[in-house]
Amino acid sequence: MSSDLGKISDALTKGNVDELKEVVQQALDNDAVPADLLNKGLLPGMEAVGQKWKNGEMFMPEVLRCAKAMSGAMDILRPRLAKEDLGSAGKMVIGTVSGDLHDIGKDLAAMMFEGAGYEVVNIGIDQPNEKFVEAAKEHKPTLLGMSALLTTTMPRMGEVINSLKEAGIRDQMAVIIGGAPVTQEFAEEIGADIYAPNAGSAVDLAREYFESKA
Ligand code: B1M
C-alpha cells in the first residue's frame, strides 16, 4: 500500500497524466482503499507541488500539468469514493469569486470535501456574488465555500456574505473561505465562519466548527 502511495505521489509531482492514471488504477485493482489514495497519496502530492511552487522549484506550466494529472486521477477515483460508505457529511456549494479565474486550490478543496463524504456543488470560477446566493437558495448547503487568489477579488467574499444576509439566509449555512492571500484576520473581518489555510485542513476545520456549534 505505502509503495502505491509513493508511486502516486511521484507520478503526480512529475505531472505525468498517463502514469498517474495507471498507478491509481493498479492500486485500486490491488484493493487499495480509494479514500486512502486521495488523502495519503494525491493530496500530499499536490501539497508538495504547491510547496515546490512557493519555493521557486517548479514553474506554472508544470503546476498546471500536475493539476491536470490530479484531475485525471480524480476521474478514476470519484465513482469509487462515492461507493465507499463515507456517510453523509453535509452539502457544500463552492466557487471562485467574481473576477477571479484561479481554480486549482478551489478544486482541491472541493475534492477534499467530496472525499470526506460531502455532496459538493462546484459552481466554478468567476462567479458573480448573486450566483453564490442563487446556488445557496437552490441547493441549501450546510457549507458555502469561496476561493480567491487575487487581492483585488478578496473583497467579493465579504460582499457575498452581505448578500446572504440581505437574502435572509446567512444563518442557514457556515461560510468557509480560502486562497493564498486570504487570512484568518480577513475571515474575521468579513464575518466568515471558517478560514482554511489549505485544502488539506479544510475538512477538519469545518468538522471542528460544526462540532463546536452542536
Ligand atoms: Co495567477 N496570480 N493571475 N494565474 N497565479 C497568482 C495568484 C499571483 C500570486 C502570482 C504572482 O504574481 N506571484 C498573482 C496574484 C497577486 C495578488 O493579487 N496579490 C496572480 C496574478 C496577478 C494573476 C493575473 C492578474 C496575471 C495577469 O494576467 N497579469 C491573472 C488574473 C486572472 C484572473 O483571475 N482574473 C492570473 C492568471 C493566472 C492563470 C489563469 C494563468 C493561472 C490560473 C490557472 C487556474 O487556476 N486554472 C494562474 C496561476 C496558476 C497562478 C499561481 C502561479 C498559482 C495559483 C495556484 O493554483 N496555486 C499564483 C502564484 C502562487 O500562488 N504562488 C498566481 C496552487 C494551489 C494549490 O494553491 O490556489 O493557493 P492555492 O490553494 C491552496 C490554498 O490557498 C487553499 O487550499 C489550496 C491547497 O492547499 N485554498 C482553499 C484555496 N481555495 C480554497 C478554498 C477553501 C479552502 C482552501 O474553501 C472554500
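To be clear, the structure that these remarks concern was listed above.
As the structure is a computational prediction, the values presented were derived from the model and not from experiment.

Q: Would you mind showing me how to read the site of the ligand here?
A: Residues in close proximity to the ligand total 29 residues, the closest being Trp 53, Leu 101, His 102, Asp 103 and Ser 147. Separating a nitrogen atom of the ligand from a side-chain N or O atom of His 102 is a distance of 2.8 Å. Here Ala 180 contributes a backbone N or O atom positioned 3.3 Å from an oxygen atom of the ligand. Of all the secondary structure elements, the ones that give two or more residues to the shell around the ligand are α3 (34–54), α4 (60–83), α5 (104–115), β3 (143–147) and β4 (174–178). Residue contributions to the shell around the ligand peak at 5 residues, all from α5. When grouped by side-chain class, the residues that make up the shell around the ligand number 16 nonpolar, 9 polar and 4 charged.

Q: What exactly am I supposed to notice about the sheet that holds β3 here?
A: For sheets, the rule is that strands pair by backbone hydrogen bonds, running either parallel or antiparallel. Spatially, the 5 strands line up as an open sheet ordered β2-β1-β3-β4-β5, and their pairing is parallel. Every interior strand has two partners, whereas the edge strands, β2 (118–127) and β5 (194–195), have only one. As defined by bridge partners, β3 adjoins β4 across 5 bridges and the pair is classed as parallel. The partner of Leu 143 across the bridge, within β4, is Ala 174.

Q: Even after reading the chapter, I still don't get the coordination of the cobalt atom of the ligand, so can you show me in this structure?
A: Around a metal, the perfect tetrahedron of four donors has angles of 109.5 degrees, and the perfect octahedron of six donors has angles of 90 or 180 degrees. Only one protein atom coordinates the cobalt atom of the ligand: His 102 (NE2), located 2.2 Å from the metal. The residue His 102 is located in the loop between β1 (90–97) and α5 in this model.

What counts, and at which threshold
- Residues numbered from 1 in each chain as written.
- Predicted model: local features only at pLDDT ≥ 70, side-chain atom pairs only at ≥ 80, totals over all residues.
- Heavy atoms only, no water.
- Near = heavy atom within 4 Å.
- Polar contact = N/O pair within 3.5 Å; in protein donor to acceptor, adjacent residues only side chain to side chain.
- Helix = DSSP H or I, 4+ residues; strand = E, 2+ residues; numbered from the N terminus.
- Nonpolar A, V, L, I, M, F, W, Y, C, P; charged D, E, K, R; others polar.
- Pairing = 2+ DSSP bridges.
- Donors = N, O, S within 2.8 Å, 3.2 Å for Na, K, Ca; no water.

None of this, on its own, says anything about what the molecule does.
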